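Inside the fold
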Amino acid sequence: MFFNAYQKYIAGLIDEYGSLLKSQLLRMVNQKFNTGLANLDGYIMQMCRFSDFAELPQGGDTVVLHRGHDPDYDVIRSVEVMLGFLKKLVRHNKSRGYVSVRFYVTAKDGEKELCVIPVKTGTERQVTAYAADKFEAARSEIVIFLLDDKGQMRLIQAECNYKFALVTDGGVVFFKK
């Protein structure tokens, strides 16, 4: 099937991240192409009908993914954190290991690298040890610990430049250490 520019971009995002919410795709398409599309329903429906994409209802939204694959909710939540920086976003990619998403934003002194690390309840010590080993306080990168609940903040004491984020029904909430 021949995809239009929006569909090619959507396909590239799904190839990179594995699964994303339709609302996330809409924000990214509108930002990239400087458009004001109300929805992507027709475009995604064609991708599902004529290619290997699928839709999976998720609450009041829909997960878009490759047919036969399972959604990665840590990545979906991490992308939601990244979209909090959408207007300043330069580039982004899925990462491996503890870091789920790595992205770069424009800053006064060039680009800043941000790494999102989802923290499951009970893994705070491992994540803190990982951050202490991989990230230094003097480096310009910022680590965003994506929490399951706000109570985890007191359990994370890393020696690096970090912030906390929590995805709620009302959107992403950021906290300082």
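Each remark here, short or long, concerns the structure printed above.
Please read these numbers as outputs of a predicted model, since none were measured by experiment. The numbering scheme is per chain: residues are counted from 1 as the chain's sequence reads. pLDDT decides what is reported in this predicted model: residues at 70 or higher carry local features, side-chain atom pairs at 80 or more are listed and counted, and totals for whole chains, interfaces and linings draw on all residues regardless. Think of the side-chain values as coming from all heavy atoms in the structure, minus any hydrogens and water.

**Looking at the layout of surface pockets**
Any space left empty among the atoms is revealed by the rolling of a water-sized probe across them. Formally: Any residue with an atom within 4 Å of a point lines the site, the site being either a cavity, points on a 1 Å grid over the protein atoms alone where a 1.4 Å probe fits but cannot get out, or a pocket, an open set with protein on both sides within 12 Å along at least 5 of 7 lines. Grid points are joined across faces, edges and corners, and a volume is the space filled by probe spheres set on the points. Secondary structure is summarised from DSSP: a helix means a run of H or I of at least four residues, a strand means a run of E of at least two, and numbering begins at the N terminus for each. As a working rule, the residues Ala, Val, Leu, Ile, Met, Phe, Trp, Tyr, Cys and Pro are called nonpolar, Asp, Glu, Lys and Arg charged, and the rest polar, with Gly in that last group.
In this structure, the largest pocket encloses a volume near 320 Å³. Around the largest pocket, the lining comprises 15 residues; the ones closest to its centre are L21, I76, R77, V167 and T168. Elements represented by at least two residues in the lining of the largest pocket include exactly α2 (22-33), α4 (73-82) and β8 (162-168). If you tally residues by element for the lining of the largest pocket, the top one is α4, at 4 residues. Across the lining of the largest pocket, the residue classes tally to 4 nonpolar, 6 polar and 5 charged. Its volume calculated, the second largest pocket comes out at about 150 Å³. Taken together, 15 residues line the second largest pocket, and the ones lying closest to its centre are D74, G97, Y98, S100 and P118.

**Description of the environment of Y130**
For clarity, the threshold we go by: Should any heavy atoms of two residues lie within 4.5 Å, those residues are considered in contact.
When you line up the elements, Y130 lands in helix α5 (residues 124-134). Taking C-alpha positions, Y130 is 14 Å from L155, a pair spaced 25 residues apart along the chain. Residues contacting Y130, with those up to four places away along its chain left out, are Y98, V99, I117 and F135.

**Brief notes about the packing of aromatic side chains**
Counted only if it meets this: Between the rings of Phe, Tyr and Trp (Trp by its six-membered ring), a pair exists once the centres lie within 6.5 Å; its type follows the angle of the planes, with under 30 degrees stacked, over 60 edge-to-face, and the other angles tilted. The criterion for a charge sitting over a ring is simple: Lys NZ or Arg CZ within 6 Å of the ring centre, and within 35 degrees of the ring normal.
Inspection of every chain in the model, using the stated rule, returns 11 aromatic pairs. Note on Y6 and F33: the rings are 5.0 Å apart at their centroids and 75 degrees apart in plane angle, and the pair reads as edge-to-face. One end of the pair, Y6, is in helix α1 (residues 5-17); the other, F33, is in helix α2, with 27 residues separating them in the sequence. By way of ring pairs, the aromatic residues Y6, Y9, F33 and Y43 are connected into one cluster. Here the guanidinium or amino end of R91 rests over the ring plane of Y104, the centre of that ring lying 4.0 Å away.

**Focus on the pattern of salt bridges**
We count it as follows: Take a side-chain nitrogen of Lys or Arg and a carboxyl oxygen of Asp or Glu: if they are within 4 Å of each other, that pair is a salt bridge. The classification of residues rests on relative accessible area computed with a 1.4 Å probe and restricted to protein chains. Under 20% of the type maximum is buried, over 50% is exposed, and intermediate values are partly exposed.
In the structure shown here, the tally under the stated rule is 9 salt bridges. Between D74 and K120 there is a salt bridge; the shortest N-O distance is 3.1 Å. Placement of the pair is D74 in helix α4 and K120 in the loop between β6 (110-119) and α5, with a sequence separation of 46 residues. Classification of K120 by relative accessible area gives partly exposed; the value is 40%. Taking the shortest distance from any N to any O, the salt bridge between D133 and K134 comes out at 3.9 Å. Relative accessible area serves as the criterion here: at 59%, D133 is assigned to the exposed category. Each of D74, R77, K120 and D148 takes part in salt bridges that share partners, so that together they form one network.

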